[in-house]
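Here are the chains, one letter per residue:
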Amino acid sequence: MKEQLKVVISCGGTGGHIFPAIATADALKRQYPNTEILFIGALGRMEMDRVPKAGYPIKGLWISGLQLDKSIFSLPFKLIKSLKDARNILKEFHPDVVVGFGGFASGPTLKAANWLHIPTVIQEQNSYPGKTNRNVGKKAKAICVAYEKMDQWFPEERIHLTGNPLRSIITTGGTREEAAQYFGLNPAKPIVLLVGGSQGALGINKGISARIEAFKSSDMQLIWQTGKSYIDKANEEVKQHNLEDKVKPTVFIDRMDLAYTAADIVISRAGAISISELALVQKPVIFVPLPTAAQDHQTKNAQRLVDAEAAIMVRNDETELILVSKVQELLRDKERQQKMRQNIAAFARPNAAEDIVNIILQAAK
């Protein structure tokens, strides 16, 4: 291995691609501080903000997904330009290896790497791979995955079951008493954590609103991440039902470590990173998959855990009818909670970032 490793990481579009990429970059820098890392993303997407905030340089490509509007006519021009720009960036930077985490920019970046005979590695977060990774994975030296039985999409001999790299902030922290106090809740009573993603989740929020009176007639308490668009309505409902001491709406949860510590059960979307976090902290979970996710991959993700008796799934269009009742049933069933904790732990990969770093190093040799 050369004294200073140079790595290009391409990711973007959503936090599900960006956060694992940053976690891997952090692990690379911890193990090999002299490593030079350059990110490539898509102009105008969230990676262009999040990656610099994490301390890494990033270059943007003029690329976007396929949309059935006027922008579809510019797609061929975007693709040609992004391939050319990616090739120029790689020729100037001279990386030893290029790592793709999915998203719009990963396709042209890894294709350009193949043209330049630079070894590539991809990391697939979901149980159903995205189009970009299915395409570029054919020529990758290694494919890092979070689920078993991925050989229907990738060459079996190049698959490595590593799990998804996670942010260091998600591990549980403090005592239950300290965590409950942070959110203004009673540690002696059951606490439900609702995390619908950084933007909230309308379907899940409506499920809570439809049966919010259930929190008044029971011991249940709720940490409710609503997102920006729903916070006013949630606050109004909490005030209307005099639930200020039991239901705590918030736009975003800064202390996820304390939220996980406080929670008895969790309601969540079924994104790959959410699942990996919940497996690591071993929490009983009710998944409400996002129905508009590409290729309905969130439902496929959740179904893997349901089949293993590690989770419960409620469809997005069922939330107003059954979500709260499913929460109440699970809170009453302590034996099922314990079984779900044990089963979801089997999906945890606490050393995912370090394992992926080792695979990157092997590919770079």
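Residues numbered from 1 in each chain as written. Predicted model: local features only at pLDDT ≥ 70, side-chain atom pairs only at ≥ 80, totals over all residues. Heavy atoms only, no water.

**Describing the sheet that holds strand β3 (residues 58-61)**
Here's step 1: Spatial strand order, β3-β2-β1-β4-β5-β6-β7: 7 strands in an open sheet with parallel pairing. Each edge of the open sheet is held by one strand with a lone partner, namely β3 and β7 (159-161). Sheet twist, expressed as the mean angle between neighbouring strand axes with direction ignored, is 20°.
Here's step 2: Relative to strand β2 (residues 36-42), strand β1 (residues 6-10) runs parallel, the two sharing 5 bridges. If you follow Ile9 over to β2, its bridge partner there is Phe39.
Here's step 3: Contacts from helix α1 (residues 15-31) reach β1, β2 and β5 (120-124), with the element oriented near 170° to β2. (Pairing = 2+ DSSP bridges. Helix = DSSP H or I, 4+ residues; strand = E, 2+ residues; numbered from the N terminus. Axes fitted to C-alpha atoms, helices over the stretch in contact; angles between N-to-C directions. Contact = heavy atoms within 4.5 Å.)

**Considerations on empty space enclosed by the protein**
Here's step 1: One pass over the full model with this rule turns up 1 cavity of 30 Å³ or more.
Here's step 2: Approximately 110 Å³ is the volume attributed to the largest cavity.
Here's step 3: When its residues are assigned to classes, the lining of the largest cavity shows 10 nonpolar, 3 polar and 1 charged. (1 Å grid on protein atoms, 1.4 Å probe; cavity = no way out; pocket = protein on both sides within 12 Å on 5 of 7 lines; lining within 4 Å. Points joined across faces, edges and corners; volume = space filled by probe spheres on them. Nonpolar A, V, L, I, M, F, W, Y, C, P; charged D, E, K, R; others polar.)

**Quick look at the layout of surface pockets**
The gaps left among the atoms become clear once a water-sized probe is rolled over them.
Here's step 1: When its volume is computed, the second largest pocket comes out at roughly 220 Å³.
Here's step 2: Ala146, Tyr147, Glu148, Lys149, Leu161, Arg304, Ala346, Phe347 and Arg349 together form the lining of the second largest pocket.
Here's step 3: Grouping the amino acids of the lining of the second largest pocket by side-chain chemistry returns 5 nonpolar, no polar and 4 charged.

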